[in-house]
Amino acid sequence: MERTGSAPIYVQCNPLLDISAHVDEAFMKKYDVQPASAALCSEEQKPIYADLENQKDVCYIPGGSGLNTARVAKWMSGKKAPVTYVGCIADDKYGGILKSSAEKEGVTMNLEYTEKEATGTCAVCINGKERSLVANLAAANCISGKHIASPAVQASINGSKIFYLTGFTLTINVEYVLTVAKAAHAVGGLFMMNLSAPFIIQFFGEQLKQVLPYVDIIFSNEDEAAAFSEAQGFGTKDIKEIAQKAAALPHEGPKDRLVVFTQGKDATIFATKDKVEEVVVPAIAAEKIVDTNGAGDSFVGGFLAALAADKPIARCCEAGNYAAGVIIQHDGCTFPATPDFTI
Ligand code: AP5
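Residues numbered from 1 in each chain as written. Predicted model: local features only at pLDDT ≥ 70, side-chain atom pairs only at ≥ 80, totals over all residues. Heavy atoms only, no water.

J.: An account of the sheet that holds strand S11 (residues 217–221) is needed here, citing residue identities and associated values.
T.: Across the sheet, which stays open at both edges, the nine strands sit in the order S6-S5-S1-S9-S10-S11-S12-S13-S14 with mixed pairing between neighbours. Strands with a single pairing partner mark the edges of an open sheet, and in this sheet they are strand S6 (108–113) and strand S14 (276–279). The sheet shows a mean angle of 20° between the axes of neighbouring strands, taken without regard to direction. Here strand S1 (residues 9–12) pairs with strand S5 (residues 83–89) via four bridges, running parallel. The partner of isoleucine 9 across the bridge, within S5, is valine 83. Each of S5 and S6 touches helix H4 (residues 93–104); the most contacted strand, S6, lies at about 160° to it. Most of the contacts of helix H10 (residues 222–232) go to S11, to which it runs at about 110°, and overall it touches strand S10 (190–194), S11 and strand S12 (258–263). (Pairing = 2+ DSSP bridges. Helix = DSSP H or I, 4+ residues; strand = E, 2+ residues; numbered from the N terminus. Axes fitted to C-alpha atoms, helices over the stretch in contact; angles between N-to-C directions. Contact = heavy atoms within 4.5 Å.)

Below you can see the structure in the form of structure tokens.
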């Protein structure tokens, strides 16, 4: 493992190629896509990808929530933090695009290859100002316990201090998530998870419940925070109260649990069970915002890069907000050669 003064970061998620296009109401209705939602694709929705590829403005962008975060963390660290990404793809064109684009940016791709399915894709349906995501995990769903136990992944785990898994990993096999969570603590690292989407909280609540005691830092946006509050029966819609109540849930980590909630242009909240603070988000003129795809993912990327450099949490939030601010001024999760932000 290279020595850089930055703690090594381990990210695990579903590698997906985003297929993005503008669509009309009829398209949304045809595939039963809810506005501004993120969901897994049903059998009936499978033709959506071919249909999107026939739209005249279709574009292909490396995506997958955790891969966005890994790429941004590497970029924000000035390429200093060693960042390893673990997931499963196929040896096909889309898999090749995902692997090479992340490797070009310096992310170590520790991938499993499957022959059972094609590389995963995510339909990004842009209808007016709203964007809805329908993920077809395909190869990503085939990640195996054998890969997690492989010498290459074990070496990454043993050499890392910051572990980040998206909530989306809970849809595959909770045992894989628990294995990494426990290993993270065994090597003296911090285990972090994003709630990722309301459907994770609503339909994978049992899996989330098993993992939560190990989660040292919880990330989410305000919609997921509200869904979490409802699922936990917190009886509040106040974002600061939700953060503190989430922080106070049973936890087996080395320090008090931290909860970080983003709220778009509104202040970022961070809380432990005893204290809640906020960090102002620098204003960005509406006409400068190209698309908010990956805002939350890139916030976490910036946050992790600053945390890897041992910065205080308020500074980590500032780094996250800077990174997200840059990404929303570019198409998809893309960024200029170097960040104009010193961690
Ligand atoms: P997407 O839904 O775009 O992910 P995201 O990163 O969560 O972005 P959002 O736009 O939803 O942001 P947010 O609500 O989390 O954050 P917030 O608005 O609080 O999807 C991204 C990826 O997910 C895709 O690439 C896709 O492949 C993948 N995906 C889908 N399904 C998947 C699955 N099953 N498995 C794996 N991957 C999957 O904003 C965060 C920060 O941004 C703020 O704190 C602020 O700093 C900044 N910001 C936002 N808005 C403003 C503003 N108006 N002004 C200034 N700053 C702003």
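The rest of the description comes next.
J.: Quick rundown of the environment of isoleucine 327? Include the residues and the values.
T.: Looking at the secondary structure, you find isoleucine 327 in helix H13 (residues 313–327). Distance in space between the C-alpha atoms of isoleucine 327 and valine 72 is 9.1 Å, their sequence separation being 255 residues.

J.: Tell me what's going on with the site of the ligand, and back it up with residues and numbers.
T.: Neighbouring residues of the ligand: 34 residues in total, closest Asp18, Thr262, Asn293, Asp297 and Asn321. In this structure, an oxygen atom belonging to the ligand sits 2.8 Å away from a side-chain N or O atom of asparagine 321. The fraction of the free accessible surface of the ligand (1000 Å²) that becomes covered by protein chains is 89%. Looking at the shell around the ligand, the elements with two or more residues in it are strand S2 (16–22), helix H3 (65–76), strand S8 (130–136), S12, helix H12 (295–308) and H13. Of the residues assigned to the shell around the ligand, the class counts are 15 nonpolar, 15 polar and four charged. (Near = heavy atom within 4 Å. Polar contact = N/O pair within 3.5 Å; in protein donor to acceptor, adjacent residues only side chain to side chain. Areas by Shrake-Rupley, 256 points an atom, 1.4 Å probe, with all protein chains shown as cover. Nonpolar A, V, L, I, M, F, W, Y, C, P; charged D, E, K, R; others polar.)

J.: Just give me the short version of the pairing of S8, but keep the residues and values in it.
T.: As judged from the three bridges shared by strand S3 (residues 38–40) and S8, these two strands associate in the parallel manner. Paired with leucine 40 across the two strands is alanine 135, which belongs to S8. Bridge count for strand S7 (residues 120–127) against S8 is seven bridges, and the pairing is antiparallel. For valine 124, the partnering residue across the bridge sits in S8 and is leucine 133. The antiparallel hairpin formed by S7 and S8 contains two residues in its connecting segment, where glycine 128 sits at a positive phi of about 65°.

J.: Describe in detail empty space enclosed by the protein, supporting the description with residues and values.
T.: Gaps between atoms show up when a probe of the same size as a water molecule is rolled over them. The full count for this structure, using the stated rule, is one cavity of 30 Å³ or more. Quantified by volume, the largest cavity comes out at close to 60 Å³. Partitioned by chemical class, the residues of the lining of the largest cavity number six nonpolar, four polar and no charged. (1 Å grid on protein atoms, 1.4 Å probe; cavity = no way out; pocket = protein on both sides within 12 Å on 5 of 7 lines; lining within 4 Å. Points joined across faces, edges and corners; volume = space filled by probe spheres on them.)

J.: Account for the pairing of S7, with residues named and values stated.
T.: Of all eight residues that make up S7, eight are buried, and the element is covered over most of its length. Of the two faces of S7, the one carrying Gly120, Cys122, Val124 and Ile126 and the one carrying Thr121, Ala123, Cys125 and Asn127 are both buried. With seven bridges connecting them, S2 and S7 associate as parallel partners. The partner of isoleucine 19 across the bridge, within S7, is alanine 123. (Buried < 20%, exposed > 50% of the residue type's maximum accessible area, 1.4 Å probe, protein only.)

J.: Kindly report on the environment of glutamine 244, identifying the contributing residues and their values.
T.: Inspection of the secondary structure assignment puts glutamine 244 in helix H11 (residues 239–247). Classification of glutamine 244 as partly exposed rests on a relative accessible area of 23%. Taking the C-alpha atoms as reference points, glutamine 244 and threonine 272, 28 residues apart in sequence, are found 5.9 Å from one another. Excluding residues that lie within four positions of it along the chain, glutamine 244 makes contacts with Ala271, Thr272, Lys273, Asp274, Lys275 and Val276.

J.: Explain the sheet that holds S8 residue by residue, including any values.
T.: A sheet is described by the order of its strands in space; here five strands give the open sequence S3-S8-S7-S2-S4, paired in mixed fashion. Of all strands in the sheet, those with a lone pairing partner are S3 and strand S4 (59–63), marking the two edges. In this sheet, adjacent strand axes meet at a mean angle of 25° when their direction is disregarded.

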